[in-house]
Amino acid sequence: MASLIFEALSFAYPQAQRRALNEVSLTIGNGEFAVLCGRSGCGKSTLLRHCKTVLTPHGRRKGRVLFGGVPLDKVSFRDQSEKIGFVLQNPDNQIVTDKVWHELAFGLESLGMDQKTIRLRVAEMASFFGIQKWFMKNVSELSGGQKQLLNLASIMAMQPELLILDEPTSQLDPIAASEFLETVKKINRELGTTVLLTEHRLEEAFPMADRVIVMEEGAVIADGEPSTVGDMLKEASHDLFCAMPAAMQIYAQVDGPAPCPLTVRDGRRFLSSLWPENPPAFRRIAVPEAEGNGSAAVEIKEAWFRYEKDGADVVKGLNLAIPEGCFYAIVGGNGTGKTTTIHLMSGILRPYRGKIRLFGKEIQKYRDNELFTNLLGVLPQNPQALFVKKTVRLDLLEMLSREKGSKEEKEKRILEAARQVDMEGLLERHPYDLSGGEQQRAALAKVLLLKPRILLMDEPTKGLDNAFKDKLAGILNRLKAGGTTIVMVSHDIEFCARYAGRCAMFFDGSVVTEDTPNRFFSGNSFYTTSANRMSRHLFENAVTVEDVITLCRQNQNQAANA
Amino acid sequence: MRDAFSRCHPVVNFTYFTAVLLFSMFFMHPVFLGISLAASMVYAIWLNGGRAIRFQFLYMLPMLLLVALINPAFNHEGMTILVYVNDNPITLESIVYGVASAVMFVSVVIWFSCYNAVMTSDKFIYLFGRVIPALSLILSMVLRFVPKFKAQARVISNAQKCIGRDVSNGNLWTRARNGVKILSILVTWALENAIETADSMRSRGYGLKGRTSFSHYRFGQRDKLLLTTLGLLIFCVLAGALLQENSIQYFPYIKINAATARSVLVYTAYFLLCMLPVGLNIWEEWTWRRLYSKL
Amino acid sequence: MQAKSKSGGKRLNKRTLVASALILLVIPATIVFGIFVLNDRKYYLISLLIIVYTMLPFFMVFEKRKPQAREIVVISVLAALAVAGRVAFFMLPQFKPVVALVIIAGVCFGGEAGFLVGAVSGFVSNFFFGQGPWTPWQMFCFGIIGFLAGVLVQKGWLSRNRVPLSIFGALATLLIYGGIINLGSLFMTTPHFTWQGLLAFYVSAFPMDLVHVASTFAVLLLLSKPMMEKLERIKIKYGLIEPEPEQAL
């Protein structure tokens, strides 16, 4: 039986010319695990919000949605609340009350259940999700991953038939994200709950899915089992492939046997099947020379730091030299002191021992206005921490409010900054009406107005889809070409492997190893890209998907010529 | 220190504090004042340890002296004139009265410090969740938002610092402007993000008829016993108050009832009432020791 | 929510009814009871009870009309901002933006919301600084200032421009907040009322009151316009003005 049916659903937001949804017809079966993907703005969130009346956006609509065979507007608010669970993107915003146990009970209270039933349901959920240890805590003490798990648990407590998740892991670090997705899988497999998920961590979501639905410009362009969808997209040689798992990307670009591989394991087999007998002739890819051999822009010598006098050290004897003009990426797990190091470099925090120099001069010796004009730019992890005005233009202008200069001159600088980040068309928008990636770029434009020579960024790719990441990379490359030194802290291995000039791995408060991304990642065996894990038995130093594809083609061409 | 009374049912906690606070606010009889002050200090020290001792000496003692001085300075009633200051008589009665009201005020403040340690927000929300469901939800949400907003205010002020707007420099006006900028960024952030909170509430059925209120508190045998004891003691004290056992006249001259067997009974009831949590703790401590000594 | 208080003329009447019943019957009864029964503590008890009576109708009406999720969220956010807002002024000790934010809430969302934001922020801030006999007084002062701001603007007696609002804020802080809180402190500390004593309380609290007045004035002057724009945007963007569609049950 079908759980959810969209019948030729079209939708347009008020005052929008283009339809956000165009004739979407879909049937999601009971107990199915469906992943909905597509780039930002393709209409997937809009489609999900149509699955629940209270979340449905205002606008013009055609077609209808059926839940359990009944048109959604005929399903009572009570039934919808109980049977359709919805997890949103931001873990923090969804939490309503101040205590974990109260949050778990919130939905059940709304449904008017009695004390005994709620007690049982809450106990069940706490046990299923492993929440007992933090059951009595204040929600403000939880980590992001725990918060999102709590949101999921408090919805599962109502025992919904259909669980809808709108990019639930985009704000989580990779480990918390896999844990979360594993839990969703467990819910689907063990409880039989129907799952409809949008996600950009497709690497992990695809192998779980029974079904993948691809959307583009408000319409469904592919729909089927994950590997079938891979074949469909390969045939259409669709550029959406850049968002697919590494194995699928390689499959799409390299001639080889079907079926389309999804996981690293499948991809490894796929590559092995290309050279069944002899190993390939070309095993190394040519790598560009290490960049940034100039003098150090940032130099940290034996820095030690802790937050409280009696607390544990967070940064321990850190030595780091970041050459001028380099795009430097710091990777590593949670709580290893990466973000603290960024704060040390920006002067927000000070080491209690050791020295930090910017261009050879100690950071404390700079005056504040010297430090942050034409020298140091810091992009906060959450770009929303910078927006104060009602349009992007006014917000940029606000940055120049303390500077002298004519209006035209300021206007010119604003346009230039907007051009640097590809935002000329969005200057009149309210910052909060922008998508995550656009907000990020607007914040970057604000920082760039100060013409920094060193740009510090804390997880700039968090929550961005691949198209936005590529765009960000383009902007950063342009800045680098202009001589800016870029320092980035990130969990995003794939991004660092592809774009960084050097990578450093943080562990336990200092750098364990540091090298060019190619040498760095081909030297690691766990903490590396999926393309590398897939190909390391055949190639010595293929780190990115492009590396693997290039090497495969070289070898195949050579074989063909021979 | 672990407090046994805090682990009792919120109804017991709340009844106790309501009674003790009201009695402390209205009984001006020296014996009652003394019992209340002593009990509040002992319980505060039990609850908060060294912090309570510091609080009592650093803040409450000067407060006591100050309040004790206010009264004779403005109140010139009373028969026993001790001295004239600027043609105003300072009387013995008004000094005694000043000390009494100071003791009363200080003991109320110390009782409140105990209340704050015992009556946590979730107990309050539990007690009033049924009577004022919407307001107690608001309360719970505000308590959730405040730490979140405070943390975000810090993030914002760091971000401001990183674009060269060090907020802690400059004259008063500049600082106020910087503060308002931080607040302004915070306001936008809070409001825009809260819409998702509203979505999450409605998505989980908020607004349906017949909302219930869940709590993990259980009313056990011990709570029943404690509540009965509380009721009996409160009854004794109130009966004593009706029989004028707690009354005292300060002006124009101090007149106080002589202690009788009946009044001693009322004093004892009041003492037991005030010391109930401490007594419970001692009882629990003793039970543990006995259990362990058997092992 | 403004629209709601307009459409809910009946509700307003009900509140007036409850309020007038309290003012005409219960308050005099309390005063009589206090004077005849409690000779020593009459001032404190009577004042406390009057404060509680004034706040009750607001709470009752609010509960009675089963507020929607969006309204609850907005009130909570504004109250939490009023409490947490102090952190934004960490570099200026004693700088309190509470009154200013409560006034803005009242102006944008009407008197009832203003009252609730004020009373709730007064209550919750004491969860962080410690509850005491002063809690009801603070709740009352903040609440009534928010209520007044809302009602005066709705009646057209107070302009929404920043200068008049700032002046209103300064006066309200000095006269309503300072006036009532100092009276409360007098009742709390000494049961014996004298005019000289009251004067002494006002004089000794004056410097702190002045800092409070200045901070309210400054915040309103700088923040009222942008913050009202932000609140208007929220109202429009998320349909706070139109009533939420009724859900069939």
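Below or above, wherever it landed, is the structure these notes cover. (Residues numbered from 1 in each chain as written. Chains lettered and ligands numbered in written order. Predicted model: local features only at pLDDT ≥ 70, side-chain atom pairs only at ≥ 80, totals over all residues. Heavy atoms only, no water.)

Before going further, it helps to spend a moment on the overall build of chain C. Of regular secondary structure, chain C possesses 9 helices and 0 strands. Buried residues in chain C amount to 58% of all 249 residues. Expressed as a percentage of contacts within chain C between residues at least 6 apart in sequence, the contacts between residues at least 24 apart total 74%. Just so you have it, chain C exposes about 10,300 Å², and 71% of that area is on carbon and sulfur atoms. (Helix = DSSP H or I, 4+ residues; strand = E, 2+ residues; numbered from the N terminus. Buried < 20%, exposed > 50% of the residue type's maximum accessible area, 1.4 Å probe, protein only. Contact = heavy atoms within 4.5 Å. Areas by Shrake-Rupley, 256 points an atom, 1.4 Å probe, with all protein chains shown as cover.)

Before going further, it helps to examine the overall build of chain A. Tallying secondary structure elements over chain A gives 21 helices and 20 strands in all. The globule rule puts the C-alpha radius of gyration for 562 residues at 24 Å, and the 25 Å found for chain A is close to it. Judged by the C-alpha coordinates and their principal axes, chain A covers about 70 × 65 × 55 Å. The buried share among the 562 residues of chain A stands at 56%. When contacts within chain A are restricted to residue pairs at least 6 apart in sequence, long-range pairs at least 24 apart make up 66% of them. (Rg over C-alpha atoms; globule rule 2.2 N^0.38 Å.)

The interface is formed by 62 residues belonging to chain A together with 51 residues belonging to chain B. Counting the surface lost from both chain A and chain B, the interface buries some 5,200 Å², and carbon and sulfur atoms represent 54% of this. Put simply, chain A and chain B have 5 salt bridges between them. For the salt bridge of R204 of chain B with E103 of chain A, the shortest nitrogen-to-oxygen distance reads 2.6 Å. Here chain A and chain B share 25 residue pairs in polar contact (both at pLDDT 80 or more) between them. (Buried area = accessible area lost by both parts, 1.4 Å probe. Salt bridge = Lys/Arg side-chain N within 4 Å of Asp/Glu carboxyl O. Polar contact = N/O pair within 3.5 Å; in protein donor to acceptor, adjacent residues only side chain to side chain.)

So, about the sheet that holds strand 11 (residues 296-305) of chain A. All names here are of chain A. Across the sheet, which stays open at both edges, the 4 strands sit in the order 12-11-14-15 with antiparallel pairing between neighbours. Of all strands in the sheet, those bounded by a partner on one side alone are strand 12 (315-323) and strand 15 (361-362). Here strand 11 pairs with strand 14 (residues 353-358) via 5 bridges, running antiparallel. Within the sheet, the bridge partner assigned to I300 lies in strand 14 and is I356. Most of the contacts of helix 12 (residues 338-346) go to strand 12, to which it runs at about 65°, and overall it touches strand 11, strand 12 and strand 14. (Pairing = 2+ DSSP bridges. Axes fitted to C-alpha atoms, helices over the stretch in contact; angles between N-to-C directions.)

Glancing now at the pattern of salt bridges. Summed over the entire model, instances satisfying the criterion amount to 41 salt bridges over all chains. Its salt-bridge partner being R419 of chain A, residue E424 of chain A comes within 3.7 Å of it at the nearest N-O pair. A relative accessible area of 39% places E424 of chain A in the partly exposed class. By relative accessible area, R419 of chain A is classed as partly exposed at 46%. Among the salt bridges present, the one from R519 of chain A reaches D515 of chain A, with a minimum N-O distance of 3.0 Å. One network of salt bridges, with partners in common, ties together D395, E398 and K446 of chain A together with K181 of chain B.

Moving on, we come to the pairing of strand 8 (residues 194-198) of chain A. Each regular strand carries side chains that alternate between the two faces of the sheet. Residue and element names in this part refer to chain A. Where burial is concerned, most of strand 8 is hidden: 5 out of the 5 residues are buried. A two-sided burial pattern is seen for strand 8, the buried positions comprising T194, L196 and T198 on one face and V195 and L197 on the other. With 4 bridges joining them, strand 3 (residues 33-37) and strand 8 adopt parallel strand pairing. Note on strand 8: the bridge partner recorded for F33 is V195. Inspection of the sheet shows strand 7 (residues 162-166) paired to strand 8 by 5 bridges, in the parallel sense. Within the sheet, the bridge partner assigned to L162 lies in strand 8 and is T194.

Turning next to the packing of aromatic side chains. Tallied over the entire structure, the rule returns 41 aromatic pairs over all chains. One aromatic cluster is present, formed by F5, Y16, F17, Y43, W111, F112 and Y115 of chain B through successive ring pairs. Directly above the aromatic system of Y352 of chain A lies the positively charged group of R306 of chain A, at a separation of 4.6 Å from the ring centroid. Taking the ring centre of Y366 of chain A as reference, the NZ or CZ of K361 of chain A above it sits at 4.7 Å. (Phe/Tyr/Trp six-rings, centres within 6.5 Å; stacked < 30°, edge-to-face > 60°. Lys NZ or Arg CZ within 6 Å of the ring centre and 35° of its normal.)

Residues and elements named next belong to chain A. Read across the sheet, 6 strands follow the order 6-7-8-3-9-10 without closing on themselves; strand pairing throughout is mixed. The strands lining the two open edges of the sheet, one partner per strand, are strand 6 (84-87) and strand 10 (219-224). Neighbour to neighbour, the strand axes of the sheet diverge by 15° on average, direction disregarded. Relative to strand 6, helix 6 (residues 144-156) is tilted by about 170°, and along the sheet it contacts strand 6 and strand 7.

Ranked by internal contacts, the top residues of the largest apolar core, which has 221 residues, are F5, F17, W111, F149 and M201 of chain B. It is helix 4 (residues 92-118) of chain B that contributes the most residues to this core, 15 residues altogether. Taken together, domain 1 (5-124 + 241-294) and domain 2 (131-203) of chain B each give at least three residues to this core, which thus spans both. Ranked by size, the runner-up nonpolar core spans 110 residues in total, among them L26, L163, A209 and M248 of chain A. (Core = buried A, V, L, I, M, F, W, Y, C linked by side-chain atoms within 4.5 Å. Domains from an automatic or database assignment.)

To continue, consider the state of the cysteines. All names here are of chain A. Counted under the stated rule, the structure contains 0 disulfides over all chains. Between C42, a free cysteine, and C37, which holds the nearest cysteine sulfur, the sulfur-to-sulfur gap is 8.1 Å. By relative accessible area, which is 3% here, C42 ends up buried. (Disulfide = S-S within 2.5 Å.)

What follows is about a nonpolar patch on the surface. All names here are of chain B. A contiguous nonpolar surface patch, about 570 Å² in accessible area, is contributed by L82, V83, V85, L92, I95, V96, V99 and I254. Breaking the nonpolar patch down by element, the ones donating at least two residues are strand 1 (81-85) and helix 4. The element contributing the most residues to the nonpolar patch is helix 4, with 4 residues. Checked against the element boundaries, I254 lands in the loop between strand 3 (248-249) and strand 4 (255-256). You can call I254 partly exposed: its relative accessible area is 36%. (Patch = residues over 30% accessible without salt bridge, like charges linked within 9 Å, V, L, I, M, F, W, Y side chains within 5 Å.)

Here E23 of chain A, not a glycine, exhibits a phi torsion of approximately 50°, which is positive. Its place among the elements puts E23 of chain A in strand 2 (residues 21-29).

A separate point is the pairing of strand 14 of chain A. Of the pairings in the sheet, the one linking strand 14 of chain A to strand 15 of chain A comprises 2 bridges and is antiparallel in character. Bridge pairing in strand 15 of chain A links R357 of chain A to E362 of chain A.

Residues and elements named next belong to chain B. One can find S24 in helix 1 (residues 10-26). Among the polar contacts made by the side chain of S24, one reaches the main-chain carbonyl oxygen of V20 at a distance of 2.6 Å. Within polar-contact distance, the side chain of S24 engages the side chain of S36 at 2.9 Å. Leave out the neighbours within four places in its chain, and S24 touches S36, M104, S107, V108, W111 and Y270.

Residue and element names in this part refer to chain C. As a packed pair, helix 5 (residues 98-109) and helix 8 (residues 162-189) sit with axes 10 Å apart at the nearest point and diverge in direction by 125°. Considering the angle they form, helix 5 stands oblique to helix 8. The handedness of the crossing between helix 5 and helix 8 is right-handed. Packed against helix 5, whose contacting residues are V99, I103 and V107, the element helix 8 presents L165, F168, G169 and T173 at the interface. Broken down by class, the residue content of the contact of helix 5 with helix 8 amounts to 5 nonpolar, 2 polar and no charged. (Parallel < 35°, antiparallel > 145°, perpendicular 65-115°, else oblique. Left-handed = near helix turned anticlockwise from the far one by under 90°. Nonpolar A, V, L, I, M, F, W, Y, C, P; charged D, E, K, R; others polar.)

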